[in-house]
Amino acid sequence: MKPAAKPAEFAPWLDPNETPLIRFDGVTKRFGDFTAIDNIDLKIYRKEFYALLGPSGCGKTTLMRMLAGFETPTEGTITIGGQDMKGIPPNRREVNMMFQSYALFPHLTVWDNIAFGLKRSKMGKEEIPERVKEMLRLTRLEKFAKRKPHQISGGQRQRVALARSLAKAPKLLLLDEPLGALDAKLRQQTQFELMDIQEKTGTTFVIVTHDQEEAMTVASRVAVMDNGKVIQVDTPARIYETPNSVYVADFIGDVNLITGNATLKDEGLAALSWAEGQPEIIGTAGEGLSAGNATFVIRPEKVAISAERPEGMNNVVQGRIHDIAYLGNISTYHVALPDGTMMKAQAANNRRLSRRSFTWEDEVWLSWTDTAGLVLAR
Amino acid sequence: MNLARRTLIGIPYLWLLLLFLVPFGIIFKISLSDYAVSIPPYTPTLDLSEGWQGIRGFFAALDWENYVFLTEDDLYWRAYLSSLKIAVISTFLTLLVGYPIAYGMAKSAPEWRPMLMMLVILPFWTSFLIRVYAWIGILSNEGYLNQLLLWTGIISDPLQIMNTPTAVYIGIVYTYLPFMILPIYATLERMDDSLLEAAEDLGCSRLSAFWIITLPLSRSGIIAGSFLVFIPALGEFVIPSLLGGSSTLMIGKVLWEEFFSNRDWPVASAVAIILLLILVIPIILFQKNQEKNQEADA
């Protein structure tokens, strides 16, 4: 159903013969002496659901506005479908945008909002009602066609905005924090609707978001940005499992970070000495790792917690439970290691709370396999 | 309902009663009276010393004669119509001048806006009368405007602007411009800029986005501003008297002449009552517009 679930079938970025729909070549954007976008190269392929992820101020919105034509690059070129976009205004690009504020025209009905772009296109007068109806069906808004934007709910407004931006069947749809104004439950539901609609229409989507969970859910590939630079572009699974830097590891999801001194080992492994009197940690060596200062990165759910010392494992440390965060389906245990480092371990709560094996101040053992964590250059 | 609430609601009603309804009643009564050479210059006056007989006689002496007179003399008709025409045209002209100014203010950098707003309001700090007098200095045959035009050689004889309707239009547009600018500015300023980007994104040129999006969305400001200019302009007296000379017929001026030159208070009062009735219609429409806006905002 979603591209991320079947990466083997949809991965045009792995195919050297595929030409990208969008290319950024050395694009830089400066506002005065502030550099919003710093020499970025990107390739986005047809039918991708591409997420630009980063903290506010990282340049992701500027990148999107350059695609729409509201900003022009200071340096470099942007091509869409092989055409250089330089000097082409927003109204002459086959790109539509769904705005963060939705930007629905308050004086027009839902119907007229959706028909707005069609009326300004070459589409014949007779075809417009048919297309609007199709869009209303797609977004399940048939009942609200005659209403004004202020007479419908936030979720419905979001769908009107989507229908309006899809109506002209653009080559590329830009979504600027499209779900930011919705509550958690509706947001989740809408994420799946978005993926569904993207699949049905076959449009290339570029979404801007600061919500990593949203990016992971919807996107075929995620570009993690920071300070105007793209740090890593990869599938959600690879971003999560094999981050290329401590920044990406720390930005996506929950993570344990242990700094120390790395030495390279065989079979793509590395050892990290991190505290006196403690055995070395073994982990997968990150790309381009060399001996010296490094950080060991491991997700809490990959750290096992047990009362007895597990046998036959390299990575075993003892600690004392400092805190327990009960999250319903899982619990996160904050374990203080002898040197004072705090480490998080996650375990599924497959027993009732009253029968839980561990409690505060318990002495426990944490362990993980040799390949569970990554040793990354700092 | 407790006493505190009654008092709270009562105060505005008392205010209206004392400052609107009572004066209106007095004027209305005078409009039904007859002209007399006395102080005050009309009969009858209510004399309570004669008891019931006096009160009955007082009401018997009131009639609609003055209103009938207004329909007979075409001076009044022409004055009302001419006032309407001048008010409509000057409201339109004020809109033409005011809209671009309001638009420019709303599109300027946010840090400039308080200053620009200040500049619009600033003239109010000087007496209205003095500002209108100043226009005489500019528009008269020997005024600055004619001197400038003569000096540049654009004209060889001074233009006759003073004492023409043109001068009245200039005066009204100048005086009431802030009333037009401020409500339009208020609607434009709170308009979401992303609406225009969305229009552009969907294939509009900037110019057509203005006609399709900006203008309809500032409609409430245009209507509010137009009424704020039209209503006082209709009864305007100072500007036509000072700038319009004898050639400009306006009902405010007729009213003034009836009261102070003719000392015919009953006819003047009838003129005022009719003017009020003419104004009630746009005022009601204005209120309706405001209510609708508040609903839309909520």
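Owing to the predicted nature of the structure, the values given are computational and were not obtained by experimental measurement.

1. Comments concerning the overall build of chain B
Stage number 1. Check the secondary structure of chain B and you find 14 helices and two strands.
Stage number 2. The C-alpha atoms of chain B give 24 Å as radius of gyration, which overshoots the globular expectation for 298 residues (19 Å, by more than 25%).
Stage number 3. With 298 residues in all, chain B has 30% of them scored as buried.
Stage number 4. For chain B, contacts bridging at least 24 residues in sequence account for 71% of all contacts bridging at least 6.

2. Topic: the nonpolar core
Stage number 1. Ala51, Leu67, Leu174, Val206 and Ala223 of chain A are the most contacted members of the largest nonpolar core, which has 105 residues in total.
Stage number 2. When residues of this core are sorted by domain, at least three fall in each of domain 1 (3-94 + 170-246) and domain 2 (255-377) of chain A.
Stage number 3. Formed by 48 residues, the second largest nonpolar core is a distinct cluster that contains Tyr80, Tyr99, Val271 and Ala272 of chain B.

3. Thoughts on the sheet that holds strand β17 (residues 330-336) of chain A
Residues and elements named next belong to chain A.
Stage number 1. Pairing within the open sheet is antiparallel, and its five strands lie in the order β15-β19-β16-β17-β18. Only two strands of the sheet have a single partner each, and these edge strands are β15 (304-306) and β18 (342-348). Shown here is a sheet whose adjacent strand axes are inclined to one another by a mean of 45 degrees, direction ignored.
Stage number 2. The pairing of strand β16 (residues 315-326) with strand β19 (residues 363-368) spans six bridges and is antiparallel.

4. Section: unusual backbone geometry
Stage number 1. Following Ile39 of chain B, the chain continues to Pro40 of chain B via a peptide bond in cis, the omega torsion being -10 degrees.
Stage number 2. Structurally, Pro40 of chain B can be placed in the loop between β1 (34-35) and β2 (42-43).
Stage number 3. Cis geometry is found at the peptide bond from Thr43 of chain B to Pro44 of chain B, where omega equals -5 degrees.
Stage number 4. Along the polypeptide, Pro44 of chain B turns up in the loop between β2 and α2 (51-60).
Stage number 5. If you check the backbone angles, Arg140 of chain A has positive phi at about 55 degrees while not being a glycine.
Stage number 6. Following the sequence through the fold, Arg140 of chain A ends up in the loop between α3 (127-138) and α4 (154-166).
Stage number 7. Given 12 C-beta atoms within a 10 Å radius, Arg140 of chain A is considered exposed.
Stage number 8. Phi is positive for Glu361 of chain A, close to 70 degrees, though the residue is something other than glycine.
Stage number 9. Within the fold, Glu361 of chain A resides in the loop between β18 and β19.
Stage number 10. Classification of Glu361 of chain A as exposed rests on a count of 9 C-beta atoms within 10 Å.

5. Considering the domain arrangement of chain A
All names here are of chain A.
Stage number 1. What the domain assignment reports for chain A is domain 1 (3-94 + 170-246) and domain 2 (255-377).
Stage number 2. Using only C-alpha atoms to locate each centre, domain 1 and domain 2 end up separated by 34 Å.
Stage number 3. Across the contact, five residues belong to domain 1 and seven residues belong to domain 2.
Stage number 4. Of the residues in the side of domain 1 that touches domain 2, the class split is two nonpolar, three polar and no charged.

6. Notes on the interface of chain A and chain B
Stage number 1. Contact with chain A, which involves 17 residues of that partner, is made by 15 residues of chain B.
Stage number 2. Per-class residue counts for the side of chain A that touches chain B are nine nonpolar, seven polar and one charged.

7. What about helix α2 (residues 110-119) of chain A?
All names here are of chain A.
Stage number 1. Summarising burial for α2: seven of the 10 residues are buried, a large majority.
Stage number 2. Within the span of α2, buried status applies to Val110, Asn113, Ile114, Ala115, Phe116, Gly117 and Leu118.
Stage number 3. Buried residues in α2 make contact with β6 (95-98), α3 and α4.

8. Thoughts on the pairing of strand β13 (residues 281-285) of chain A
All names here are of chain A.
Stage number 1. Counting buried residues in β13 gives five out of five residues, a clear majority hidden from the surface.
Stage number 2. The pairing of strand β12 (residues 269-273) with β13 spans four bridges and is classified as antiparallel. Residue pairing for β13: Ala271 is matched across the bridge by Ile282.
Stage number 3. Of the strand pairs in this sheet, β13 and strand β20 (residues 374-377) are connected by two bridges, and their pairing is parallel. Following the sheet pairing, Thr284 is matched in β20 by Leu374.

9. A word on the packing of helix α4 (residues 74-107) of chain B against helix α8 (residues 165-189) of chain B
All names here are of chain B.
Stage number 1. For the pair α4 and α8, the least separation of the axes is 6 Å and the interaxial angle reads 45 degrees. Taken together, α4 and α8 sit at an angle that is classed as oblique. Crossing of α4 over α8 shows right-handed handedness.

10. Describing the sheet that holds strand β11 (residues 256-264) of chain A
Stage number 1. Overall, mixed pairing links the five strands, which are arranged β11-β12-β13-β20-β14 (chain A) in a closed barrel. Averaged over all neighbouring strand pairs, the angle between strand axes comes to 55 degrees, with direction disregarded.

11. A look at the pairing of β20 of chain A
Stage number 1. Bridge count between strand β14 (residues 292-298) of chain A and β20 of chain A: four bridges; the pairing is antiparallel. Bridge assignment links Ala294 of chain A to a residue of β20 of chain A, and that residue is Ala377 of chain A.

12. Comments concerning the packing of helix α9 (residues 193-201) of chain B against helix α10 (residues 206-217) of chain B
Residue and element names in this part refer to chain B.
Stage number 1. Relative to each other, α9 and α10 sit at 125 degrees, their axes nearing to 10 Å. Overall, the two elements α9 and α10 adopt an arrangement that is oblique. Both α9 and α10 take part in a crossing whose hand is right-handed. Mapping the contact onto sequence places Leu195, Leu196, Ala199 and Glu200 in α9 and Arg206, Ala209, Ile212, Ile213 and Thr214 in α10.
Stage number 2. Across the contact of α9 with α10, the residue classes tally to six nonpolar, one polar and two charged.

Rules of the game
Residues numbered from 1 in each chain as written. Chains lettered and ligands numbered in written order. Predicted model: local features only at pLDDT ≥ 70, side-chain atom pairs only at ≥ 80, totals over all residues. Helix = DSSP H or I, 4+ residues; strand = E, 2+ residues; numbered from the N terminus. Rg over C-alpha atoms; globule rule 2.2 N^0.38 Å. Buried ≥ 20, exposed ≤ 12 C-beta atoms within 10 Å, placed from the backbone. Contact = placed C-beta atoms within 7 Å. Core = buried A, V, L, I, M, F, W, Y, C linked by C-beta atoms within 7 Å. Domains from an automatic or database assignment. Pairing = 2+ DSSP bridges. Axes fitted to C-alpha atoms, helices over the stretch in contact; angles between N-to-C directions. Nonpolar A, V, L, I, M, F, W, Y, C, P; charged D, E, K, R; others polar. Parallel < 35°, antiparallel > 145°, perpendicular 65-115°, else oblique. Left-handed = near helix turned anticlockwise from the far one by under 90°.

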